[in-house]
Each structure stands twice: as structure tokens, then as C-alpha cells.
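Fold and geometry: a report
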2 protein chains.
Amino acid sequence: MARTESGASSDPLTVLRGLPSGQRVEIRDASGHAWNGAIVPSHELSGSRIVSLKLESGYNVGVAIDASTAVRVVGAPPSARSEPVPAGRASVEGDPGGWITLLTTGGTIASRVDYETGGVRPVSDERDILAFYPELEGSGAVRVIPVFDRLSEDIGPADWLVLAQRVVDAFRAGARGVVIAHGTDTLGFTAAGLSFLLTDLPGPVVLVGAQRSPDRPSSDGPSNIEAAAAVARDRRLGEVVVVMHAGLSDDRFAVHRGTWVRKMHSSRRDAFESRNGPPLGSVHGGTVHLLPLVRPPSAGPPRVDGPIDENAGLLWFYPGLTVARARAFAAGVRGVVVAGTGLGHVRSELIDWVRSVTAEGVVVAMTTQCLEGGADPYVYATGRELLRAGALYLDDLLPETAYAKLVWALGHADDPGRIKALLTQDRAGEFLRRHRAEGEA
Amino acid sequence: MARTESGASSDPLTVLRGLPSGQRVEIRDASGHAWNGAIVPSHELSGSRIVSLKLESGYNVGVAIDASTAVRVVGAPPSARSEPVPAGRASVEGDPGGWITLLTTGGTIASRVDYETGGVRPVSDERDILAFYPELEGSGAVRVIPVFDRLSEDIGPADWLVLAQRVVDAFRAGARGVVIAHGTDTLGFTAAGLSFLLTDLPGPVVLVGAQRSPDRPSSDGPSNIEAAAAVARDRRLGEVVVVMHAGLSDDRFAVHRGTWVRKMHSSRRDAFESRNGPPLGSVHGGTVHLLPLVRPPSAGPPRVDGPIDENAGLLWFYPGLTVARARAFAAGVRGVVVAGTGLGHVRSELIDWVRSVTAEGVVVAMTTQCLEGGADPYVYATGRELLRAGALYLDDLLPETAYAKLVWALGHADDPGRIKALLTQDRAGEFLRRHRAEGEA
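Everything numeric in this text was worked out from a predicted model, so none of it was measured.

As a further point, take helix 5 (residues 187–197) of chain B. Most of helix 5 of chain B is tucked away, with 11 of its 11 residues classed as buried. Burial in helix 5 of chain B covers these residues: L187, G188, F189, T190, A191, A192, G193, L194, S195, F196 and L197 of chain B.

This is how it looks when you write it as C-alpha cells:
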């Protein structure tokens, strides 16, 4: 039987389920092992007798509760320790450091394990999110605004526009910086999309995700979001970045430019890497270090530079790709990014396809599926022929970044020549040729 | 005026052009600077007065020749020093170390600069190839067999079958090992394709390429091909590997398993990387170092395990990919590899597409576009729904390797269940789960 502070006794599971998220407790099992931590929201299953605790270390554990478990409530209820933030509001006045806005979209960083299936599902309740991430408010006030409640594979270009508007709204309301909690699957795509859609940013826009859900042991969510908040408060930065683990330890984080970043591992915490450029900086011991090449905050009012046009494709070349298949894939598009091999090549018979679609006014933009180094039409005969067939070479843009830029550029012009001019102009620091040059012998 | 050893004098360019490829010469320009090296075959352009020399260091230079240039022929003609090898034949008898076969396919490793366009075009004459690579015969006899004369973006699955047959022919003729000189663009695809097509290999099959053509200064071709030849002579190895620079210096090379390797930079010499597994070994100072996990030579006779079926696709997911576009791309295929996000996901609406095509008997195989880590359907709801919709998860296979395996598997079975069974069985050491596990927290 459980004994609570009040001296009343009942089934320990009932006691625990009656306590608010964030309440500190000590749970002692029959063997005498004690767990000290805060109650974490978890999916209640009929029949399940597991309660999740966030330990002091930041790790979460699931503790099996039986009739012999002793429960002791430690300290005051969490409402007196950390006032839950109502939707879209926070105690932001009087904070000398200013406040930041957290936009949530779902994804692992705002998900919990579904014990029925063993999988992970997103949560949208911002109370749950702050209970998962009490450290978020440690360095200043945070306004939480749920935007979506989706795994990131369901976030696409139209959603980038919605997010961009929420970012602008947040800055106009006085936020010092914006954190966007986002699933990691398409986080790189969204970061690139926002890089092109947001202009004149007065502060940082920091996308952050987690590779492990916050109710799991060893979740990277808490430390990632704390690092992201530190970057969002930095007054030197006025661009879209991604903050994620820089290694397997919880004390070093990389700041990646939104147009250079890519998820390069399906499960590691340090899955994100900058390609064709260095990380812009790091967070270590709570201190943000930034390279001089970061884009500083803008004085002008932020705005969303829409619209976009999703009538575009991203076509990855492979040796068996036929003209018929390329043609079917790109039917009706206004533009297509090709991820070619090497310096930006496709098999010879596809060059005729490029010639025919560009003659119809379709923009064909070439990148390299190597994901590092540039696309360059001047080294091999194939490149020169593709150039003559009308392909546009986008140097060292990642295929994903080129796709995001194409969607943006198609929204800004009708004429293919104008679209190509927009694509080749540097807009968000996305071209960094000198790093490519280092790789040349 | 040039002075030759014979004392005759004439225009120095005429003298140089009259000398055989491989002839050692000293060229001294008007300023007194002298170049010592062997004449390298180069594209003769009317009006061009540039002669290419291979220096002792292995680097090539282009030397401008004018009327004041002094030319001195050094040593005997190359025919006395290194007998040119006739097509498909070499002095192989009496070599105690055994001989190797070099199959050439074109690509940068067998290309030279076209000075008219500034680009690079393949050469197929094996005399030129041996003049480019005199070091190839340094450690033993080599039989040169030209197979194709193409840049690698034009080498596809049907060509893998041809190459596989030439490899088997070479082993049956008594070769100790086989080197395949191949363009780097699709070298990873071909390496994967041959890994599945070749069985019971009695020795190494080593694909090698170059990122700089052999008539250019700082070509990586000579050092790569020398390292590849050393690996092809190694008696511990009976699988398909790729040998390329392991860094920017010319003295360290990596041996990559054919199913784990990918071109990860469009221009660096060390462009190739093993993903989801370590390099199988290295070549340093001419010595081949191999990990114990290499597949040893087989005692059985080698054979080509065809046929293949190219009626397959490789579809790279991106956030704006619509059902209509996926459906059009995959029309008529018997199988499609999807490079999904993260652990192998696509947007929700595509799950219905997967369900409908698998119901029609199409094999849908899921991989991750992260290129490292595995695809796993059991972590997120999306994965479980894709699994229920009929998708097959291919763990940590690279999308490119999965495509090569699919083309092979489709040639070996009609029944989707049997094709899926072939895809999930390890055949060439392509699955290495423990390396994925290391990335898990």
C-alpha cells in the first residue's frame, strides 16, 4: 500500500495517477530501490501499471507499480513551482532577457510512446510539452503556440507558409527568437523552405527535433530544446538554423544553417550534418559559440516572402532511369530538380528529355546526389550537353535545398528565365563556393 | 631549335610529337626551367603547342613548347623498357605471382582532356591506358581487356551483366584477380550490381576510378589503379570491392565493400565512403590491410547469377511528392525501392498508394534517404502502417544497393513473396546490423 504525505493510503497507482504532471515523487519498489523524479505525462492504457518519471539526470524511466510500491510526494505541487503556460500565453512581462516563442508541430520531440503498439505518436497539449521540458523555462519566459500535431513526414511546402507566418507573428508580438519543435524526418526540408520564405528576420529562428521521444529513457529532446532556446535568445543571429546534438553526449550541440543541413542518420542523436559548409556554431556548457559568417539580425520588419508553387518535383537519377519514367514523373510540373550523379550528370538518353521539357518552359535544375561538392557542367561532355539542352546548374545546393528554393521561386515568377535568375541568386547564404573549392586538388 | 640525342635539330614540337608515348625526355624552356618525365598521350589540336609529361612524382604537367625549347631524349625508347600490351593479351606466362585482368569501361580513369572544349572524354585504346599507367605493370603482369568506352552515367544494369561475364571469363582464363576501371559517377551502383550477380568468386574483383583524368596534373588515376592492382593480387579476398583514395594524399587508399560504398563528394579524390559499415581495409605503402570480416575466396567455379529485370524504379521521397506523381513514376514496374525519410517513412497519403500497388503484386522496398542507419517500421505509426500496407523494410541497405538487389531479385522470381524473400536474405554481406546498433542510444 502506498503512503502519501497526507498519511492517507490507497492503491499506489491510483495515487500516482491522481498527481499532476511535473509533481516530484519518490517511488520505492519491493526490493527497496528508489526512483526520485517528476511525473511525466504518459499514455494511460487499461491494464498498464507503468508510470513514467523524469529523473534529475534528465533521463526518463518507466517504473512498474504494484501493490507493494511505496510512493512519497516530494515538495509542492508543480503549479506553485512552474506555472503551466496557457495556450499561446506566458508570463512574459518583466523578463529583462525577453521571451521566446516555441511553435510546436508534432514529431518525436512532442511525442510519447504508445504502449499499445510500441510506436510513437505525437501529442499537442502544451501542458504536456512543458511537463516534458521543464528546463525550457529555466533561462527565461517561453510562449508556447501549437501549430500542427503531425509527424514531420506529413509536413510539406504549404505548411512552410503557415509556419513562416507564425514566426513573423511571433516577432511582431515581441519575441526575441523563435524555436520550432519539428519532427526530424523532414526537418531539413522545412528549414530550407523557411530560409527562403522568411526575410528581414530580427532574431533567430531555430528548428529543433528529437530522435527519441521525451517520455523515453535517454531522450535527446530535453537537451536539444534547451540548446535551441539558448540559440533563440542569442542577439547575434538573424537567420533560420537547426540545433541538434553534435555527438552522442548531451553537452554539445551544433548550429546548422537551414540551407546546408541534412539528416544523415536514421537513428543517431547526432543525425544532422552541415554539408558544403561548416556548422555555423555550437552550444557547449550552455554557451552559444557562433562563426563570424552568421547572418546578423535585420532592422527591418520581418515578413513572409510568399507565395510558393508546389507544382515541382525532385527526381533522383539512377542507372536504370528511363526517359518514359522521367517524363511520367515530371508530367505537368513547372520545374524539376534533378539529383544527378557526380558533377551533375544523367545518362545520355535523358538529355533529350531535358531538351524537350525545357523547350516547353519547364525549369530543370541540376544538383548532385553526392550531397557534397558542387554540380558543374564544364568538366565533362555530359555536363556541357545538359547545359546546351537547357539545364540550370545549381552549384553546391543540396538537392533538398534546391527543391525548397524551386518551390519558392516558382511562386515568384512566371517566366522561366526569371525563375532561373531567382534560383541562381544567393538569398539565404545557401551558396558557399569556397568550401567546394577546398575539395579541388 | 631543339637538339635531340642524335644531334639532329628541328622544330621541338615536331620532335616531341614524333616520339612514342612513354618516352622519357627532358624539356628545358627559355627561362632555363627543366621538366623531366615521360610523354603522355594527349589530344592533338591544330594550333596547340602543349605537350603533356608524366613527372617522376606521378603528377602530369602540360608544357608549352616554343621554338626556343630544348628537348633531350633520355634513355631508350619505351618499347624496350615496357612492352606495350596488345589488346586482350599480356606476357603472363612465367609470372610466379600470377597475372590480373584489367577491364576498362571508360570514365575519367580512362579519359583525357579535350582541349577544344575543356572537358574530358574517354579513350579506349589500351596502349594509351598502359602509357597513362606504366606503374600498373610494376608488380606483375596485367591483361588489358576493353569492355566499354563510356562515361559511367551511361552504364546501367544490362551492362552489369556484361561486366560480370567478363569477370567470370577472366577468372576462368586463370586471372588471379580482376580490376575494373570505371567512371566514378555510377561506380557505386555497378559495384552493388556486380556484388549480387557474381557468385563463388575465387579472387578479388576491384572497381577503381579517378576523379581527375590521367593526363591532368594531380590525377588520382595512377595511384588508385596501382592500389587496386595490389588488392586484386591479394589472396585473402573473394568479393567485389571498390578501391579509391582514403584522403587527399596519394599514399593511403580505402577498400570498400561493393554493397556499402557510395560517392559522397562530386570532386574530391576521397569521394567514396563506406556507409553502415567500415571500409574492409586499406592500402598503405603498397601493403594491403584487410579486416577479418572480408569474404574469402571461394573454391567453386565463379559464375554469373543472372538474369536481371530492369523493370524497377528508385523513388526518392520529398515533402511535396504527390500520389499522382508516385503513381506515374512507378507505372508498370514490378518493384520499386523507396528512399523514405528517417526510419523509412513517406507522407500519409502515399500509404494508400503503397497499399494499392502492392495489392497488384508490385514489390515496394523501403530504405532510408539518410544513407546511414536502418529503415525500421516498428518505431513510428507511419512505419507500422506502411508495413501493413505491404511495404518491405530493407534495414540498412543503401537505396542504391537496394535498387541493384531489386533488379537482381526480379530476375530470379516471379512471385512477390519469393522476391521479397530474396531481398531480405543476406547475399553479399550487404546487411551489417551491428553497425546500426552502435548508433542506438
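Still more ground to cover, so stick around.
Before going further, it helps to examine the confidence of the model for chain A. Residues and elements named next belong to chain A. Put simply, chain A has an average pLDDT of 86, and 85% of its residues get 70 or more. Counting contacts from residues 1–8, a segment whose pLDDT is below 50, to residues more than four positions away or on other chains yields 16 contacts. Every residue in residues 434–441 is under pLDDT 50, and counting partners more than four places away or in other chains gives 14 contacts.

Relative to the assigned elements, P319 of chain B resides in the loop between strand 22 (312–316) and helix 7 (323–329). Residues P319 of chain B and G342 of chain B, 23 residues apart in the sequence, show an inter-C-alpha distance of 13 Å. With residues near it in sequence (within four places) discarded, P319 of chain B still touches I155, G156, P157, T186 and F189 of chain A together with R347 of chain B.

Once that is clear, we can look at the environment of A175 of chain A. Residue and element names in this part refer to chain A. Position of A175 among the secondary structure elements: in the loop between helix 4 (157–172) and strand 12 (177–181). A residue is classified by how many C-beta atoms lie within 10 Å of it, and A175, with 24 of them, is buried. Residues A175 and T101, 74 residues apart in the sequence, show an inter-C-alpha distance of 6.1 Å.

All right, on to the interface of chain B and chain A then. In this assembly, 63 residues from chain B lie in contact with 63 residues from chain A. For the side of chain B that touches chain A, the secondary structure elements donating two or more residues are strand 10 (120–122), strand 22, helix 7, helix 9 (381–388) and helix 10 (399–410) of chain B. For the side of chain B that touches chain A, a count of residues per class yields 27 nonpolar, 21 polar and 15 charged.

Quick look at the sheet that holds strand 25 (residues 392–393) of chain B now. Residues and elements named next belong to chain B. Read across the open sheet, the four strands follow the order 22-23-24-25; overall the sheet is parallel. Only two strands of the sheet have a single neighbouring strand rather than two, namely strand 22 and strand 25. Here six bridges tie strand 23 (residues 335–340) to strand 24 (residues 363–368), and the two strands are oriented parallel to one another. By the bridge assignment for strand 24, A339 is matched with T367.

Looking now at the relation of the copies chain B and chain A. Between the two copies of this chain, the relationship is a rotation about some axis together with a displacement along it. When chain B is fitted to chain A, the best match, at an RMSD of 0.2 Å, comes from turning it 180° and sliding it 0.1 Å along the axis. What we have between these two chains is a two-fold relation. Scanning chain B for the C-alpha nearest the rotation axis identifies F329 of chain B, at a separation of 2.3 Å. Both copies contact each other with a shared surface, as 100% of the interface residues of chain B are interface residues in chain A too.

Another point: the pairing of strand 15 (residues 240–245) of chain B. Residues and elements named next belong to chain B. Of all six residues in strand 15, six are buried; the element is thus mostly enclosed. Direction of pairing for strand 14 (residues 205–208) relative to strand 15: parallel, over a ladder of three bridges. Its bridge partner being in strand 15, V205 is matched across the sheet by V240. At this point the chain moves from strand 14, through helix 6 (residues 221–232), to the parallel strand 15, and the crossover so formed is left-handed. One ladder, built from five bridges, connects strand 15 with strand 16 (residues 252–257); its direction is antiparallel. Its bridge partner being in strand 16, M244 is matched across the sheet by A254. Hairpin connection of strand 15 to strand 16: six residues between the antiparallel strands.

Turning our eyes to something else, we now look at helix 9 of chain B. Residues and elements named next belong to chain B. Every buried residue of helix 9 is accounted for by T382, G383 and L386. Angularly, the buried residues of helix 9 cover 100° about the axis, an arc narrow enough to put them on a single face. Looking at the packing, one finds that the buried side of helix 9 touches helix 8 (348–359) and strand 24. Just downstream of helix 9 lies G390, where phi reads positive at about 110°.

On to the sheet that holds strand 25 (residues 392–393) of chain A. All names here are of chain A. Pairing is parallel in the open sheet, where four strands are placed in the order 22-23-24-25. At either margin of the open sheet sits one strand with a lone partner, and together these are strand 22 (312–316) and strand 25. Note: strand 24 (residues 363–368) against strand 25, two bridges, orientation parallel. Opposite M366, over in strand 25, you have Y393 as the bridge partner.

Attention now goes to the nonpolar core. Side chains that are nonpolar tend, in soluble globular proteins, to be buried together. By size, the foremost hydrophobic cluster in this structure holds 260 residues, and its most contacted members are V179, V206, V231 and V243 of chain A together with V206, V231 and V243 of chain B. With sequence-adjacent residues up to four places away left out, V206 of chain A is seen in contact with G177, V178, V179, I180, A228, V231, A232, V241 and V243 of chain A.

About the cut-offs
Residues numbered from 1 in each chain as written. Chains lettered and ligands numbered in written order. Predicted model: local features only at pLDDT ≥ 70, side-chain atom pairs only at ≥ 80, totals over all residues. Buried ≥ 20, exposed ≤ 12 C-beta atoms within 10 Å, placed from the backbone. Helix = DSSP H or I, 4+ residues; strand = E, 2+ residues; numbered from the N terminus. pLDDT = per-residue confidence, 0-100. Contact = placed C-beta atoms within 7 Å. Nonpolar A, V, L, I, M, F, W, Y, C, P; charged D, E, K, R; others polar. Pairing = 2+ DSSP bridges. Least-squares fit on C-alpha atoms with pLDDT ≥ 70 in both. Right-handed = clockwise from strand over helix to strand, strands pointing away. Arc of directions from axis to C-beta. Core = buried A, V, L, I, M, F, W, Y, C linked by C-beta atoms within 7 Å.

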